Amino acid sequence: MKILAIDTSSSVCGTAILEDDKLIEENSLDNGKTHSENLMPLIKELLERTKITLNEIDLIAVSCGPGSFTGIRIGIASIKAMAEVYNIPVAEITSLETLAVNDNSEKNKITLIDARNNQVYVGVFDKEYNLLEEYMADDINIVFEKISKYSNSVFIGNGAVLHKEILSKIEGAMFTENNAQSAYATGRIGYKKFLQNDLKNADTIMPIYLRKSQAERMKK
């Protein structure tokens, strides 16, 4: 099956096409422009380069967050339109899941995304990328207390890099060099969800924020 995957939840606007869980082609930009300017041209270029049409796409995998509030909204709005017009099922992926794919060891994976002001988004996964705990969005010190029981785990993401000093106190903590989100990883998780029949459609796909935006918090 052919999968179109996109990730707009970070500063990088990423797109990829996969055959099952194998990468056919990937395209990404981090050029300072908004995702609203980059996303559709990237998808168009990717389809042209692979000579694949949207009519041939069997599944759309999209990173729904957490991450950039604006980027997430742009990605989901674009996917909703394509899924509706072409009647394509959608796999709703979290950015924390995509980071877990960066490590293929037999270890548990703990992914952390920096949410600023000492806050992090956190996902805890087993070696098969299955979620072990509810997603967290909290101060790194509070998170540390909750995840310190997971010894000999691999820590992934820009939050892991930023807070490496405190995370290193966990017994057997390991860190990967690959801390970037990617559309390819989004597609791989999308294929996994397809096999599990865990799919959405244009009407049911939703952003995953985990916490309110800064503007909402300031207004409150």
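Values in this document were obtained by computation on a predicted structure and should not be read as measured data.

An account of the sheet that holds strand 5 (residues 90-93) is requested, with residue identities and associated values reported.
In any sheet, the strands associate via hydrogen bonds between backbone groups, in a parallel or an antiparallel arrangement. An order of 3-2-1-4-5 is seen for the 5 strands of this open sheet, with the pairing classed as mixed. Every interior strand has two partners, whereas the edge strands, strand 3 (22-29) and strand 5, have only one. Sheet twist, expressed as the average angle between the axes of neighbouring strands with direction ignored, equals 15 degrees. As judged from the 4 bridges shared by strand 1 (residues 2-7) and strand 4 (residues 59-63), these two strands associate in the parallel manner. Opposite alanine 5, over in strand 4, you have alanine 61 as the bridge partner. Lying on the sheet, helix 1 (residues 35-50) is in contact with strand 1, strand 2 (13-19) and strand 3; it crosses strand 3 at an angle near 145 degrees. Along the sheet, helix 7 (residues 183-195) contacts strand 1, strand 2, strand 3, strand 4 and strand 5; its crossing angle with strand 1, the most-contacted strand, is approximately 130 degrees.

How would you summarise the nonpolar core if you had to cite specific residues and measurements?
In terms of nonpolar packing, the biggest core is built from 26 residues, with Leu4, Ile43, Ile57, Ile60, Val62, Ile79 and Met82 touching the most fellow members. Secondary-structure elements contributing two or more residues to this core are strand 1, strand 2, helix 1, strand 4 and helix 2 (69-86). Among the elements that make up this core, the one with the highest residue count is helix 2 (6 residues). Residue contacts for methionine 82: discarding those within four places in its chain leaves Leu4, Ile43, Leu54, Ile60, Asn87 and Ile88. If you look at the next biggest cluster of nonpolar residues, it comprises 25 residues, including Leu59, Ala61, Ala91 and Tyr191.

Any chance you could break down the sheet that holds strand 8 (residues 136-139) for me, citing the residues and the numbers?
Sheet architecture is open: 5 strands sit in the order 8-7-6-9-10, paired in mixed fashion. This sheet does not close on itself; its edge strands, each paired only once, are strand 8 and strand 10 (174-175). In terms of strand pairing, strand 7 (residues 119-125) meets strand 8 through 4 bridges, oriented antiparallel. Its bridge partner lying in strand 8, tyrosine 121 is registered against alanine 137. Against the sheet, helix 4 (residues 140-147) makes contact with strand 6 (109-114), strand 7, strand 8 and strand 9 (154-156), and its axis sits at roughly 125 degrees relative to strand 8, the strand it touches most.

About the cut-offs
Residues numbered from 1 in each chain as written. Predicted model: local features only at pLDDT ≥ 70, side-chain atom pairs only at ≥ 80, totals over all residues. Heavy atoms only, no water. Pairing = 2+ DSSP bridges. Helix = DSSP H or I, 4+ residues; strand = E, 2+ residues; numbered from the N terminus. Axes fitted to C-alpha atoms, helices over the stretch in contact; angles between N-to-C directions. Contact = heavy atoms within 4.5 Å. Core = buried A, V, L, I, M, F, W, Y, C linked by side-chain atoms within 4.5 Å. Buried < 20%, exposed > 50% of the residue type's maximum accessible area, 1.4 Å probe, protein only.

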